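Here is what each chain is made of, one letter per residue.
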Amino acid sequence: MKRNILATAIAGMTTLSGSWAATAAEVEFHGDMDNRFQAYTNQRDWFAGGNSGGGTLKDDEPTESFGEVKYRFWAKATSDDKKVTGVFATEIGGIRYGEGSGGDYSGDGVNIETRWAYVDFLVPNTLDQRVSLGLQPVSVNRHVWTETATAAVWKGSLGSGFDYQLLWGRGDSSNESGVDSEQDEGWDGADNFAINLNKRYSPNLSAGLFYLYQMNDQLLRE
């Protein structure tokens, strides 16, 4: 029964997000085209995504020179009344010059990834309550958990300087092809539930509390 109620609520929000007939829209295109190089170094795995893990300093690797490509492009479309925004982003890389899929001759590898794909909309009959659905950047606390994940996020204001955020995000469905166990409580894989409450005292000063619950013994990571 609980599953049906939650599914109905999410389906209802999705339907509402498409209920506005915008007469015009503002479309923005952005890009970040990054080429980086290191010469005569034995720290070829310093960048994340290296063969033995990024960010590790080693003394026994062979000395060499290399270049790396990492491109990101994204489009943002916003209705003229600012009630609905859609974002779609792609990413290429990191591709090493002359290496692997996409970096060697002809560049025939499949390297385009989906970075973001989400819609953000104003809840009907409200002034400052918004919902975001899809693959998006999410943050509970920058020192505890910041990630890109498929998520449903509700943000708004309670008045008197108080803001809040409700979040459900799913990092993966590790047992989607298996049988639910009692420990799963009906939820598959890496589910994340969070509540944030912040108080703004001035433009430069705020304080807040948050609660984060993660399923399946996930590691907290930034």
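In this report, the structure presented in the accompanying data block is examined. The model shown is predicted, which means the values in this text are computed figures rather than measured ones. (Residues numbered from 1 in each chain as written. Predicted model: local features only at pLDDT ≥ 70, side-chain atom pairs only at ≥ 80, totals over all residues. Heavy atoms only, no water.)

What about the environment of alanine 24?
Consideration 1: For alanine 24, the position within the fold is in the loop between α1 (2-17) and β1 (25-41).
Consideration 2: Once the C-alpha coordinates of alanine 24 and aspartate 80 are considered, the two residues, 56 residues apart in sequence, prove to be 5.4 Å apart.
Consideration 3: Dropping the residues within four chain positions of it, alanine 24 is found in contact with Thr78, Ser79 and Asp80. (Helix = DSSP H or I, 4+ residues; strand = E, 2+ residues; numbered from the N terminus. Contact = heavy atoms within 4.5 Å.)

So, the nonpolar core
Consideration 1: Residues Val138, Val140, Trp145, Ala149, Ala151, Val153, Leu167, Ala194 and Leu212 constitute the largest nonpolar core, which totals nine residues.
Consideration 2: Those elements that provide at least two residues to this core are β5 (130-141) and β6 (145-159).
Consideration 3: By size, the runner-up hydrophobic cluster in this structure holds six residues, among which are Val84, Phe121, Val131 and Ala152. (Core = buried A, V, L, I, M, F, W, Y, C linked by side-chain atoms within 4.5 Å. Buried < 20%, exposed > 50% of the residue type's maximum accessible area, 1.4 Å probe, protein only.)

Concerning unusual backbone geometry
Consideration 1: One non-glycine residue, lysine 82, lies in the positive phi region at around 65°.
Consideration 2: Within the element layout of this structure, lysine 82 appears in the loop between β2 (64-79) and β3 (84-96).
Consideration 3: Classification of lysine 82 by relative accessible area gives partly exposed; the value is 48%.
Consideration 4: We note that serine 160 has phi near 60°; this positive angle belongs to a residue other than glycine.

Notes on the pairing of strand β9 (residues 205-214)
Consideration 1: Here strand β8 (residues 191-202) pairs with β9 via 10 bridges, running antiparallel. Its bridge partner lying in β9, asparagine 196 is registered against phenylalanine 210.
Consideration 2: What sits between the antiparallel neighbours β8 and β9 is a turn of two residues. (Pairing = 2+ DSSP bridges.)

Remarks on the pattern of salt bridges
Should their charged atoms come close, side chains of opposite charge can pair.
Consideration 1: Going through the model one piece at a time under the given rule, you end up with eight salt bridges.
Consideration 2: Here glutamate 91 and arginine 115 are joined by a salt bridge, their closest N and O atoms 3.7 Å apart. Placement of glutamate 91 in strand β3 and of arginine 115 in strand β4 (residues 112-122) is noted, with a sequence separation of 24 residues between them.
Consideration 3: Judged by its relative accessible area of 7%, glutamate 91 is buried.
Consideration 4: Among the residues examined, arginine 115 registers a relative accessible area of 25% and is labelled partly exposed.
Consideration 5: Shared partners join several salt bridges into a network, and the residues in it are Arg36, Glu68 and Arg96. (Salt bridge = Lys/Arg side-chain N within 4 Å of Asp/Glu carboxyl O.)

Brief notes about the pairing of strand β7 (residues 162-170)
Consideration 1: In the sheet, β6 pairs with β7 via nine bridges, with the strands oriented antiparallel. Residue alanine 151 lies in a different strand from β7, and its bridge partner there is glycine 169.
Consideration 2: Here β6 folds back onto β7 in antiparallel fashion, the turn holding two residues, of which serine 160 has a positive phi close to 60°.
Consideration 3: Pairing analysis gives nine bridges linking β7 to β8, with the strands arranged antiparallel. Bridge pairing in β8 places glutamine 165 opposite asparagine 196.

These results come straight from atomic positions and should not be treated as a statement about function.
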